[in-house]
Amino acid sequence: MPIGSAMKLDLFVNHQHVPTDAYFEVRDPGNFSEVVAMVATGTARHVDDAVTAAHAAFQVWRNVGVSERVERILAAAAALEAVSAELATTLVKEQGMLLRDTQRDVANGIKTLRETAALAEAFLQSEEFEDEGCLIRIRKVPRGVVAAIVPWNAPMSLTMAKVGPALASGNTLVVKPSPFAPLAVSQALQVVAGFFPPGAINIVHGDGEVGPALTRHPLVRKVSFTGGIKTGKAVMAAAAESVKNVGLELGGNDPAIILDDAIPADVVPHLVRGIFPRSGQVCYAVKRVYVPAALYDKFFDMLCEAVSQLRVGYGLDPRSTLAPVNNRNQFNFIKGLIERTRQSGAEVYQLGQKVDPESWENGYYLLPSVVRNVAPTAEVVVEEQFGPIIPLIPYRSEEEVLQMANGTEHGLGSSVWTRDFDRGLQFAERIEAGLSFINSHARTGLGDRHMPFGGVKQSGIGRVRTTIGLAEYIEYHAISLNKTNMSNIKKEGHQDAT
Ligand code: NDP
C-alpha cells in the first residue's frame, strides 16, 4: 500500500501481511529527495512468530515429493519472470545500482531457481548398499527451518540462491532482507511464496534486533548468511549456542595478478569490468591489482585512461556507466579511505565524469579512484574497500606476488592474466581462494552451472550453486537394516518415503 509515493512494506508471516509499531524509511541512494519505501521494523517477537510458522510449514513441506517441489519452484521462477522488469526498476530506486545490473540480478535470481530445480531430483535420491546380511540406505533429508540473511548489493540473486536449494530439499525459510534493499526482494519472495504452503517463506525486516534473534532461535536449524566478515563472526557465535549448521558467504579482497607476458591493452578493458561492477560493491570484484614493475607505468596509464571514460550517474539514466554507492556508511568509509590513503603518501587519482553535476550532492555519488605508489600493506590494499577505488601494486617476482596475494585472511576470488594458458593454470593452482579466473574476473554461463561459489579462510564457510551448494541444505540419515536376525521376514514395504 503506498504512503505518498512510497510503498508501505509489512512483515510477511504465514502468507499474512503483518504491520508493526514502527516503520523505517528507505531513500533512493541516487536521489535523496525520494522516499522509496516505509518498511516495518520487526522485533524478536515477530521473529518467533515467523520461525514458529516456518516450523509448522516444515512438517507439511518435508513430506511433499521432490518432483512436486521442483515443479513448484519452476512455476515460481516463471511468475518472477513475468514481473522482472518492475522488480529491476524498484531495485535501482532502493539500492542505487545501474538498471542493467539490477536486471542482471533479477535474471540471475530466476536462473538460480531453475538451476536448482534441474539438479534437485537426481541429487536428492537416496543411496543404497547391500550384501547378504545388511541393507544400508543413506537418505538426504531436510534440516528444518532455515534463516536466510542477505545483504543489499545483489539481493535478488543472493536471496534466490538460498530459497531455491532450501525449498527443493524440503526446508522452510525465514528471510531477513537488508534494510538497504528490502523492497524488491520482498515483492519477489511474496510472488514465490504463493506457490508454496503458508509459512514456507516468511519475511522479517528490522534493525539490530532481528538478525540476532533469528540466529539464536532454537527452532532454526541452519543459518545461511551472506554479508561482511565481522557480522559473519557474530552470526557464527550466536548459532553456536544451539549448534546450528552455518553457511557463510563473506567479504573478499580479490587480487588480480598480471603476469609479465600479458599485453596491457588486452587486459585493461576486462579488468575494468572486474573492478567496478556495481561500483565495486561486489564480494568478488577485483580489489587489488598486482602488476610487474616493468609494466607498471604503462599499465597505470592505460587503466587511468579507461577509468576516465566511466560516467557516474543515476541508475535509470542510460548515460550512466557507474552508479552511486548504496548507503551513508559506505560513502563515508570510501571518502575516509581516500583521505587516509593520501595521508599515507600514496597517490589517489579521482577519475571519471559526472553525468549530472547539478544532482551530484543529492546522492551517494563518488568518482572512481585509482591508487599508485601504495605500500602493499596499506589499508586500501589489505582491507575490503567495497567501493569504486582500486590500488595498483608493483611486484618483481612470481614468489613475491604470490606471497602478497595469499598473505591475507581473505580468500574469495582471484584472477591471473597471461597469454600462456598452462602458466595461467599452474599459477592459479597456487592461489589460496575459493575461485580463480584466468583472463577474466567474472563468472560465465558454464561457470554458473559448474563452479561452486564461496571462499576460503575468513571469506566464508561452505559453497552455493551446483550440487555442492544443494548439499548444504540437507542432513544425511543413514539407516542400516540387518537381514539375518529375525525369522519370518516380511520383504515388502522397504520403499524410501523421501
Ligand atoms: P552486513 O554484514 O552489514 O549485513 C548483512 C546482513 O546481516 C544484513 O541483512 C544485516 O541487517 C544483517 N545483520 C547485521 N548484524 C547481524 C547480526 N548480528 N546477526 C544477524 N544478522 C545481522 O553486510 P552488508 O549488507 O553491508 O553487505 C556487504 C558485505 O557483504 C561485504 O563485505 C561483501 O563482501 C559481503 N558479500 C559477500 C558475498 C559472498 O558471496 N561472499 C556476496 C555479497 C556480499 P541489519 O544490519 O539490519 O541487522
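Fair warning: this is a prediction, and the values are worked out from it, not measured in the lab.

**Q** Looking at this model, I keep getting lost on the overall build of the protein chain. Mind explaining?
**A** For the protein chain, the helix and strand inventory stands at 16 helices and 24 strands. Against the globule reference of 23 Å for 498 residues, the protein chain gives a C-alpha radius of gyration of 24 Å, in line with a compact fold. Projecting the C-alpha coordinates of the protein chain onto the three principal axes gives extents of approximately 85 × 60 × 40 Å. Taking all 498 residues of the protein chain together, 55% fall into the buried category. Partitioning the intrachain contacts of the protein chain with sequence separation of at least 6 by distance along the chain shows that 73% fall at a separation of at least 24.

**Q** Could you clarify how one ought to interpret the sheet that holds strand S17 (residues 347–350) in this entry?
**A** Each strand in a sheet pairs with another by means of backbone hydrogen bonds, the pair being arranged parallel or else antiparallel. Pairing is mixed in the open sheet, where 7 strands are placed in the order S17-S19-S20-S15-S14-S21-S22. Only two strands of the sheet have a single neighbouring strand rather than two, namely S17 and strand S22 (437–438). Two strands pair when backbone bridges link them, and S17 and strand S19 (residues 369–372) are joined in this way by 4 bridges, in the antiparallel orientation. Bridge assignment links Val 348 to a residue of S19, and that residue is Val 371.

**Q** Just checking my understanding: could you explain the pairing of strand S20 (residues 389–395) for this structure?
**A** The side chains of a regular strand alternate, residue by residue, between the two faces of the sheet. Across the 7 residues of S20, 6 count as buried, placing the element largely inside the fold. Where strand S15 (residues 286–292) and S20 come together, 4 bridges link them in parallel fashion. Residue pairing in the sheet places Val 289 in a bridge with Leu 392 of S20. The pairing of S19 with S20 spans 3 bridges and is classified as parallel. Residue Val 370 lies in a different strand from S20, and its bridge partner there is Ile 390.

**Q** Can you help me understand the packing of helix H3 (residues 84–95) against helix H6 (residues 183–193) in this one?
**A** When two helices pack together, their arrangement is given by the angle between the helix axes and the distance between those axes. Remark: H3 packs on H6, axes separated minimally by 8 Å, with the N-to-C direction vectors making an angle of 150°. Relative to H6, the element H3 lies roughly antiparallel. Where H3 approaches H6, its residues Leu 87, Thr 90, Leu 91 and Glu 94 are matched on the opposing element by Leu 183, Ala 184, Val 185, Gln 187 and Ala 188. Residues of the contact of H3 with H6, tallied by class, amount to 6 nonpolar, 2 polar and 1 charged.

**Q** What's the story with the domain arrangement of the protein chain in this structure? I'm lost.
**A** A common measure of how large an interface is: the accessible area buried when the components associate. Domain annotation of the protein chain identifies domain 1 (2–250 + 455–479) and domain 2 (254–450). A C-alpha centroid distance of 30 Å is found between domain 1 and domain 2. Taken together, the contact pairs 34 residues of domain 1 with 36 residues of domain 2. Contact between domain 1 and domain 2 buries roughly 2900 Å² in total, counting both sides, with carbon and sulfur atoms accounting for 53%. Inspection of the region where domain 1 meets domain 2 yields 2 salt bridges. As a salt-bridge pair, Asp 448 and Lys 111 come within 2.8 Å of each other at their nearest N and O atoms. Counting across the interface, domain 1 meets domain 2 through 20 residue pairs in polar contact (both at pLDDT 80 or more). The set of elements that each furnish at least two residues to the side of domain 1 that touches domain 2 consists of strand S6 (31–40), H3 and helix H4 (99–123). Top element by residues in the side of domain 1 that touches domain 2 is H4. It accounts for 6 residues. Of the residues in the side of domain 1 that touches domain 2, the class split is 12 nonpolar, 11 polar and 11 charged.

Thresholds, definitions, all that
Throughout this description, residue numbers start from 1 for each chain and increase along the sequence as written. The predicted nature of this model means local features are confined to residues of pLDDT at least 70 and side-chain atom pairs, given and counted, to a pLDDT of 80 or more, with totals for whole chains, interfaces and linings taken over all residues. Each side-chain value is worked out from all heavy atoms of the structure, with water and hydrogens disregarded. Runs of E in the DSSP output that reach at least two residues are strands. Runs of H or I that reach at least four are helices, and both are numbered from the N terminus. Note that the radius of gyration is over C-alpha atoms, with the globule rule given as 2.2 Å times the number of residues to the power 0.38. Buried, partly exposed and exposed residues are distinguished by accessible area as a fraction of the type maximum, computed with a 1.4 Å probe on protein chains only: under 20%, between the cut-offs, and over 50%, respectively. The contact rule is simple, with two residues in contact once any of their heavy atoms fall within 4.5 Å. DSSP-based pairing: two strands are paired if at least 2 bridges between them are found. Geometry is summarised by axes, namely lines fitted to C-alpha atoms with helices restricted to the contacting stretch, and by angles between N-to-C directions that run from 0 to 180 degrees. Convention used here: angles under 35 degrees read as roughly parallel, angles over 145 as roughly antiparallel, angles from 65 to 115 as roughly perpendicular, and any remaining angle as oblique. For this classification, Asp, Glu, Lys and Arg are treated as charged, while Ala, Val, Leu, Ile, Met, Phe, Trp, Tyr, Cys and Pro are nonpolar and the rest, including Gly, are polar. The domain limits used here are those given by an automatic or database domain assignment. Throughout, buried area stands for the accessible area (probe radius 1.4 Å) lost by two parts on being put together, summed over both. Salt bridge, as applied in this entry: a Lys or Arg side-chain nitrogen positioned within 4 Å of an Asp or Glu carboxyl oxygen. Any N or O atom pair separated by 3.5 Å or less is treated as a polar contact, with the protein-specific requirement of one donor-capable and one acceptor-capable atom, and with residues adjacent in sequence counted only for side-chain atom pairs.

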